[in-house]
Amino acid sequence: MLGIIIVALSVLSAAYLIAKKYYAPGALLLVGLITLGVAAVVGPEPILTGKKVTHLEGLDVIQTFTNLLQTRTAGLGMNIMAIAGFSSYMSAIGASKALVQISVKPLTLIHSPYLVMSLGLILSLILNIFIPSAAGLALLLMVSLYPVMIAAGVSRQSAAATILIGGSCCFGPSGGNNLLAAELTKMHVMDFFLNVQVMVGWAAVVVMLVVNYFVQKTLDQKDLASGRITQADFQLPDAAPDEKKDGKEERKVPAFYALFPLIPVVLLFVFSPLMYKGIRMEVVTALLTATFTAFVIDGLIRRNLRESIANMKSYAQGMGKVFTSTVFLIVCAEVFAAGLTKSGGIATIIQAAAGMDAGAAAVFTVMFLIVVGCAFVMGSGNAPFFSFAPMIPDAAAAVGANAAFMMSPLQLISGMGRSSSPVAGVTIAVSGLSGVDPFVLIRRSIPVMVCSIIAVYVSALLQI
């Protein structure tokens, strides 16, 4: 019970500070460190174990922050920084603008901007099968798809929210949650994907496409009429008329430069587990390959080595900028999540749900609500599912339910809850690159995610 009280107080404290416009990373870090400190004293287990334990509880609190900073900077943080650097370099050499320009002409054949947006969402959902990282996929699409949707006539807010939503389902055989679910249910991962995940999730995809269309269209119209957004929000910042860089006339580039931003997506698609396993391709490797390819071709066309090398500075600047605005916030959010986990409150709630002497529908409903709530609060799709999943097979067996069909919806909604959270890494990443406030993004994603979550719930109830 004490752990549950600690979780509640921590969540309320963080929510209060952020609502009062305190610096979000600092607020989350402060509350997270205090919660870890309390957990070190009253928690059911030590907050750190293994080789990196300091053997002094007070230092273990700081060491938790150190560990997260090291792992996230080298892992997800490096992916985000590499993508931001790539995005900045594409803008510097004119490739991003070329993509917009070459996309406008065929898009004029489609007279509904929001149909273009919906096609973009379908593309995002398909790519999510091959690129399981929601943040990595979203940032790749911010380079390629985001400007196309704005060029079609939707607002920056709608385009960014659609990209945030596009990585919410976590379909496919290669994501961490999917692999864990397949292992726990003793199924081959492709069998779990095709015969369980797709069966549960197809209804949510249909609902997501329909609801997103009407939510974004309605909010664009409503916000434009109220003055919350203006006509400037329907243009890319660097597409403003009469804009010049450093007082110089902007250089025109060949149309094929539009292909450069697509290279990483193509590489990751081709060298994915479902396409060709012979070559292993990481996100950063794909980005660097695309960057060096663009550098060589741009250098041959530009014929100015000094200028070509100078443009590489934009890559480093993009990486540095996104570290301060995005990566640090992700680490602080994870310190906050670690505090909630180590307090023991979440484990108490999970054990109570798993031990309920009730029917399958009741047990599933409690599990369902806990996972989606934790995913929203923590801003993570992995943390709540990894905590809860090992208990599902026994809980399902106790009530005579199908463990796989109980597991899959929880995996799906963990991603949907994350895409509704203002502290999720993917939300922060999209916000940082689009310039749209995280709370503006989730105002547009939450209605879509709630309807999709309900669709998953109903679909699962019919099968468990």
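Residues numbered from 1 in each chain as written. Predicted model: local features only at pLDDT ≥ 70, side-chain atom pairs only at ≥ 80, totals over all residues. Heavy atoms only, no water.

Caption draft 1: Molecular detail of the packing of helix 2 (residues 24-42) against helix 3 (residues 57-74). In contact at an axis separation of 9 Å, helix 2 and helix 3 are set at 140° when each is read in the N-to-C sense. Judged by the inter-axis angle, helix 2 sits oblique to helix 3. Taken as a pair, helix 2 and helix 3 cross one another with a handedness that is right-handed. Contacts between helix 2 and helix 3 involve Leu29, Leu33, Leu36, Gly37 and Ala40 on the former and, on the latter, Glu57, Val61, Thr64 and Phe65. (Axes fitted to C-alpha atoms, helices over the stretch in contact; angles between N-to-C directions. Helix = DSSP H or I, 4+ residues; strand = E, 2+ residues; numbered from the N terminus. Parallel < 35°, antiparallel > 145°, perpendicular 65-115°, else oblique. Left-handed = near helix turned anticlockwise from the far one by under 90°. Contact = heavy atoms within 4.5 Å.)

Caption draft 2: Up close: the packing of aromatic side chains. Counting across every chain of the model gives eight aromatic pairs. Between Phe256 and Phe260, the aromatic rings sit 6.1 Å apart at their centres with planes inclined by 85°, giving edge-to-face as the arrangement. For Phe256, a relative accessible area of 37% puts it in the partly exposed group. Here Phe260 falls in the buried class, since its relative accessible area comes to 3%. (Phe/Tyr/Trp six-rings, centres within 6.5 Å; stacked < 30°, edge-to-face > 60°. Buried < 20%, exposed > 50% of the residue type's maximum accessible area, 1.4 Å probe, protein only.)

Caption draft 3: Looking closely at the pattern of salt bridges. Counted according to the given criterion, the structure contains seven salt bridges. When the shortest N-O distance is used, the salt bridge between Asp298 and Arg302 registers 3.0 Å. Of this pair, Asp298 and Arg302 are both found in helix 12 (residues 283-302), four residues apart, which corresponds to roughly one turn of the helix. The same class applies to Asp298 as to Arg302, namely buried. With its nearest N and O atoms 2.4 Å apart, the salt bridge here joins Glu307 to Arg302. (Salt bridge = Lys/Arg side-chain N within 4 Å of Asp/Glu carboxyl O.)

Caption draft 4: Seen up close, the confidence of the model for the protein. Mean pLDDT for the protein: 82, with 91% of residues reaching 70 or above. Averaged over each element, pLDDT in the protein is lowest for helix 15 (residues 345-354) (64) and highest for helix 8 (residues 156-166) (94). Low pLDDT, under 50, characterises residues 239-247; the stretch is placed with five contacts to residues that sit more than four places away or in other chains. (pLDDT = per-residue confidence, 0-100.)

Caption draft 5: Main features of a nonpolar patch on the surface. There is a patch of nonpolar side chains on the surface, built from Phe256, Leu259, Leu262, Val266, Val270, Met275, Tyr276, Ile279, Val296, Leu300 and Ile301 and spanning about 970 Å² of accessible area. Of all elements in the fold, only helix 11 (263-270) and helix 12 reach the threshold of two or more residues within the nonpolar patch. No other element matches helix 12, which puts three residues into the nonpolar patch. Mapped onto the fold, Ile279 is located in the loop between helix 11 and helix 12. (Patch = residues over 30% accessible without salt bridge, like charges linked within 9 Å, V, L, I, M, F, W, Y side chains within 5 Å. Areas by Shrake-Rupley, 256 points an atom, 1.4 Å probe, with all protein chains shown as cover.)

Caption draft 6: How the structure looks around the packing of helix 8 against helix 21 (residues 438-461). For the pair helix 8 and helix 21, the least separation of the axes is 9 Å and the interaxial angle reads 55°. Overall, the two elements helix 8 and helix 21 adopt an arrangement that is oblique. As for the relative orientation of helix 8 and helix 21, their crossing is right-handed in sense. Each of Gln157, Ser158, Ala160, Ala161, Leu164 and Ile165 in helix 8 lies in contact with helix 21, whose residues at this interface are Val440, Leu441, Arg444, Ser445, Val448 and Met449.

Caption draft 7: How the structure looks around the nonpolar core. Judged by nonpolar contacts, the single largest core of 115 residues is most densely connected at Met90, Met208 and Leu410. With 14 residues, helix 7 (residues 134-152) is the largest single contributor of residues to this core. Discounting residues that sit within four places of it in the chain, Met90 has contacts with Ala95, Ser96, Val143, Phe260, Pro261 and Ala294. Residues Val61, Val331, Ala337 and Ile428 belong to the second largest nonpolar core, which totals 27 residues. (Core = buried A, V, L, I, M, F, W, Y, C linked by side-chain atoms within 4.5 Å.)

Caption draft 8: Molecular detail of the environment of Val372. As for its position among the elements, Val372 is in helix 16 (residues 360-378). A relative accessible area of 16% places Val372 in the buried class. On a C-alpha basis, the gap between Val372 and Gly415 in space is 8.5 Å, while along the polypeptide they are 43 residues apart. In contact with Val372, not counting residues within four places along its chain, are Ile413, Gly417 and Ile453.

Caption draft 9: Highlighting helix 19 (residues 403-418). In this model helix 19 runs 23 Å from its N-terminal to its C-terminal C-alpha over 16 residues, within 8% of the 22 Å that 1.5 Å per residue would give. Within helix 19, 16 of the 16 residues are buried, which leaves the element mostly enclosed by the surrounding structure. In this structure Asn402 caps helix 19, since a side-chain oxygen of it lies 3.0 Å from the backbone nitrogen of Ala404. (Expected span 1.5 Å × (residues − 1). Polar contact = N/O pair within 3.5 Å; in protein donor to acceptor, adjacent residues only side chain to side chain.)

Caption draft 10: Examining the side chain of Thr64 more closely. Tracing the chain through its elements places Thr64 in helix 3. For Thr64, a relative accessible area of 8% puts it in the buried group. Not counting the four nearest positions on each side in its chain, Thr64 is found in contact with Leu36, Ile47, Leu48 and Ala338.

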